[in-house]
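# Analysis of the macromolecular model
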Amino acid sequence: MATLAADIALTPAAAKRVAWIAERQSKPAILRLSVEGGGCSGFQYKFGLADGLEDGDTVVETDGVKLAVDDISLDLVRGCSVDFVDTLGGAHFTVENPNAASGCGCGSSFSV
């Protein structure tokens, strides 16, 4: 069963972008954030639209859009905020992670 918690946050800008992508792909507005080994700094963030919630997920909802994190990844991103940034340099999801000791220049990987 999914757990609703304030351990993670999804900004309104990120929720709006997820809703836009989900609508175009005819999928539920559920963004899954997970952490995998690899990347420049040791761990890397992985984003994807989910078809549904899974047992053990921690979920937060913003403007009708859900952010889901599995229980293993949650230990590495607890307290994080997922945002969507659209600048002249490009558009992308970002993670502000208080657990990250360092990260790479592109922001897609981190170390603890």
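Residues numbered from 1 in each chain as written. Predicted model: local features only at pLDDT ≥ 70, side-chain atom pairs only at ≥ 80, totals over all residues. Heavy atoms only, no water.

As a further point, take the nonpolar core. Counting 21 residues, the largest nonpolar core has L10, L33, L67 and V82 as the members making the most contacts within it. Listed by contribution, the elements that provide at least two residues to this core are β2 (8-10), α1 (12-25), β3 (30-38), β6 (65-69), α2 (71-77), β7 (80-87) and β8 (90-96). In this structure L10 touches A15, L31, V60, T62, V65, K66, L67 and V82, once residues within four positions along its chain are discounted. (Core = buried A, V, L, I, M, F, W, Y, C linked by side-chain atoms within 4.5 Å. Buried < 20%, exposed > 50% of the residue type's maximum accessible area, 1.4 Å probe, protein only. Helix = DSSP H or I, 4+ residues; strand = E, 2+ residues; numbered from the N terminus. Contact = heavy atoms within 4.5 Å.)

The residue R32 is located in strand β3 in this model. A polar contact of 2.6 Å, which involves the side chain of R32, links it to the side chain of D57. Aside from chain neighbours lying at most four places away, what touches R32 is K46, F47, G48, A50, G52, L53, E54, D57, A68, V69 and D70. (Polar contact = N/O pair within 3.5 Å; in protein donor to acceptor, adjacent residues only side chain to side chain.)

This part covers the sheet that holds β8. The strand order across the open sheet formed by three strands is β2-β7-β8, and the pairing between neighbours is mixed. The sheet is open, and its two borders are formed by β2 and β8, each paired with just one other strand. The sheet shows a mean angle of 20° between the axes of neighbouring strands, taken without regard to direction. In this sheet, β8 lies alongside β7 in antiparallel orientation, the contact comprising seven bridges. Each residue of the ladder has a partner; that of S81, found in β8, is E96. Each of β2, β7 and β8 is contacted by α1, which is oriented at about 70° to β7, the strand it contacts most. (Pairing = 2+ DSSP bridges. Axes fitted to C-alpha atoms, helices over the stretch in contact; angles between N-to-C directions.)

What follows covers the pattern of salt bridges. Taken as a whole and assessed by the stated rule, the structure comprises six salt bridges. Salt-bridge contacts for R78 lead to D7; the nearest nitrogen and oxygen are separated by 2.9 Å. With R78 in the loop between α2 and β7 and D7 in the loop between β1 (3-4) and β2, this residue pair connects regions lying 71 residues apart in the sequence. Linking D75 and R78 is a salt bridge whose minimum nitrogen-to-oxygen distance equals 3.2 Å. (Salt bridge = Lys/Arg side-chain N within 4 Å of Asp/Glu carboxyl O.)

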